[in-house]
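Chain by chain, the residues:
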Amino acid sequence: MKVLKIRKKVLPENHPDIATSYNDMGLAYGALGEYKKELECCLKALAIQEKVLPENYPDIATLYNNVGYAYGKLEDHKKQLEYYLKALAIREKVLPENHPDIVASYNNVGYAYGELADHKKELNYYLKVLAIQEKVLPENHPDIAASYNDVGSVCSELGDHKKELDYYLKALAIREKVLPENHPDIAASYNNVGYAYYELGEHKKAFEYCLKALTIREKVLPENHPDIAASYNNVGGAYGKLGDRKKALEYFLKALAIREKVLPENHPDIAVLYNNVGGAYGELGEYKKALEYYQRLLSIQNDTLL
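Residues numbered from 1 in each chain as written. Predicted model: local features only at pLDDT ≥ 70, side-chain atom pairs only at ≥ 80, totals over all residues. Heavy atoms only, no water.

(A) Region of interest: the overall build of the protein chain. Regarding its fold elements, the protein chain presents 15 helices and zero strands. For the protein chain, the spread of C-alpha atoms along the principal axes amounts to about 75 × 45 × 35 Å. For the protein chain, the residues scored as buried account for 42% of the 306 residues in total. Considering only intrachain contacts with a sequence separation of at least 6, the fraction spanning at least 24 residues in the protein chain is 49%. Entry remark: accessible area of the protein chain is about 16,600 Å², with carbon and sulfur atoms responsible for 51%. Each charge class in the protein chain can be summarised by its mean position, and for the 39 positive and 44 negative side chains these summaries are 2 Å apart. (Helix = DSSP H or I, 4+ residues; strand = E, 2+ residues; numbered from the N terminus. Buried < 20%, exposed > 50% of the residue type's maximum accessible area, 1.4 Å probe, protein only. Contact = heavy atoms within 4.5 Å. Areas by Shrake-Rupley, 256 points an atom, 1.4 Å probe, with all protein chains shown as cover. Lys, Arg positive; Asp, Glu negative; His and termini not counted. Charge placed at Lys NZ, Arg CZ, Asp CG, Glu CD.)

(B) Expanded view of the packing of aromatic side chains. One pass over the full model with this rule turns up twelve aromatic pairs. With a centroid separation of 5.9 Å and an interplanar angle of 25°, the aromatic rings of Y113 and Y125 are classed as stacked. Remark: Y125 occurs in helix 7 (residues 119–136) and Y113 occurs in helix 6 (residues 100–115); sequence separation between them is twelve residues. Note on accessibility: Y113 and Y125 belong to one class, buried. Here a set of aromatic residues connected by ring pairs shows up, and it is made of F207, Y232, Y239 and Y251. (Phe/Tyr/Trp six-rings, centres within 6.5 Å; stacked < 30°, edge-to-face > 60°.)

(C) Expanded view of unusual backbone geometry. Positive phi, close to 70°, is recorded for E75, a residue that is not glycine. Counting through the fold element by element, E75 comes out in the loop between helix 4 (58–73) and helix 5 (77–94).

(D) Molecular detail of the nonpolar core. Membership of the largest hydrophobic core comes to 28 residues, with the highest contact counts inside it found for Y232, V235, L256, Y274 and V277. Looking at this core, the elements that each hand over two or more residues are helix 11 (203–220), helix 12 (226–241), helix 13 (245–262), helix 14 (268–283) and helix 15 (287–305). Among all residues touching V277, those that are not within four sequence positions of it are L249, F252, L253, L256 and Y293. (Core = buried A, V, L, I, M, F, W, Y, C linked by side-chain atoms within 4.5 Å.)

(E) Region of interest: the environment of Q80. By secondary structure assignment, the location of Q80 is in helix 5. Within the structure, Q80 has its side chain in polar contact with the side chain of H77 (distance 2.7 Å). (Polar contact = N/O pair within 3.5 Å; in protein donor to acceptor, adjacent residues only side chain to side chain.)

(F) Layout of the pattern of salt bridges. Counted according to the given criterion, the structure contains eleven salt bridges. Between E292 and R296 there is a salt bridge, and its shortest N-O distance comes to 2.7 Å. Within this pair, E292 and its partner R296 are both found in helix 15, separated by four residues, close to a single helical turn. Residue E292 is classed as partly exposed on the basis of its relative accessible area of 27%. For R296, a relative accessible area of 32% corresponds to the partly exposed category. (Salt bridge = Lys/Arg side-chain N within 4 Å of Asp/Glu carboxyl O.)

(G) Just the environment of Y293, in detail. Position of Y293 relative to the elements: it lies in helix 15. Taking the C-alpha atoms as reference points, Y293 and N276, 17 residues apart in sequence, are found 8.8 Å from one another. Beyond its immediate stretch of four places on either side in the chain, Y293 contacts L253, L256, Y274, V277, G278 and Y281.

(H) View of the packing of helix 13 against helix 14. Interaxial distance between helix 13 and helix 14 falls to 9 Å at its minimum, and their mutual angle equals 155°. Relative to helix 14, the element helix 13 lies roughly antiparallel. Considering only the axes of helix 13 and helix 14, their crossing is left-handed. Between helix 13 and helix 14, the residues in contact are R245, L249, F252, L253, A255, L256, R259 and E260 and D269, I270, L273, Y274, N276, V277, A280, Y281 and E283, respectively. Each residue belonging to the contact of helix 13 with helix 14 can be placed in one class, and the counts come to eleven nonpolar, one polar and five charged. (Axes fitted to C-alpha atoms, helices over the stretch in contact; angles between N-to-C directions. Parallel < 35°, antiparallel > 145°, perpendicular 65-115°, else oblique. Left-handed = near helix turned anticlockwise from the far one by under 90°. Nonpolar A, V, L, I, M, F, W, Y, C, P; charged D, E, K, R; others polar.)

The following block contains the structure:
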């Protein structure tokens with residue numbers, strides 16, 4: 001802000017250095033979580049650069065990207081997509097075909113389509129990212145694993161669980177080769193693979209991988225970390241599908257204990273567990289307990305849906 005104050009005094013109104021200061025301020029506001037101010041500053045920077053720079057200048061693409069990011073943080077995903085597509089259009093015109101900034105734009109556009117629930121287009125852009133990465137990166141690069149993971153996630157949204165599993169297993173294979181044994185990303189991959197097996201009805205396999213994820217997370221994460229709660233919930237679900245209702249209840253209650261400690265009172269993830277715990281008690285014939293948890297679920301729904 002001090003830099004901007006000086007520059008506005010001594011430089012012409014639309015000088016590129018003033019645009020740079022607005023952009024820097026926007027990024028600082030974003031880091032502080034003040035996304036409206038971030039957007040305001042980035043739009044001011046963009047307005048200057050569009051006046052003084054050539055139409056397809058890379059710096060304009062960068063600002064389109066920054067503006068899109070700010071809109072995304074404000075949950076305006078149509079505007080987010082609009083600006084990400086503008087950034088991509090410039091980058092495809094002026095940069096080499098496999099340039100990292102084009103990869104970044106494909107990734108951003110895919111993400112925005114995902115937020116708008118257009119999963120076919122989301123998949124299309126993530127596959128473009130993957131195609132470039134497989135050309136320019138070493139075979140087992142972690143970024144390729146991340147892209148396999150993204151593609152698997154979209155296949156899940158599209159209901160193609162065989163492909164989902166295939167991509168999750170590819171991501172896991174890379175991560176097991178290049179990361180330390182108990183790395184959280186390996187746990188995340190175990191969890192994803194377990195979920196895909198669950199969707200395919202292979203509950204023994206689902207249980208095996210969800211348990212592997214939990215084992216790592218309990219070793220490397222803080223005691224009440226949300227990922228541990230997620231793993232307890234997944235393991236509980238797998239036990240339920242295997243017919244061990246007592247174990248299912250045990251793990252659902254462990255997950256609930258964490259979420260009640262770390263999440264707001266009416267958080268949707270707590271509601272999910274009230275439902276799961278109620279269901280487990282019902283399966284065990286403990287209907288008073290089941291009713292108690294379903295009533296808690298209903299209380300959250302009444303508070304949040306009205």
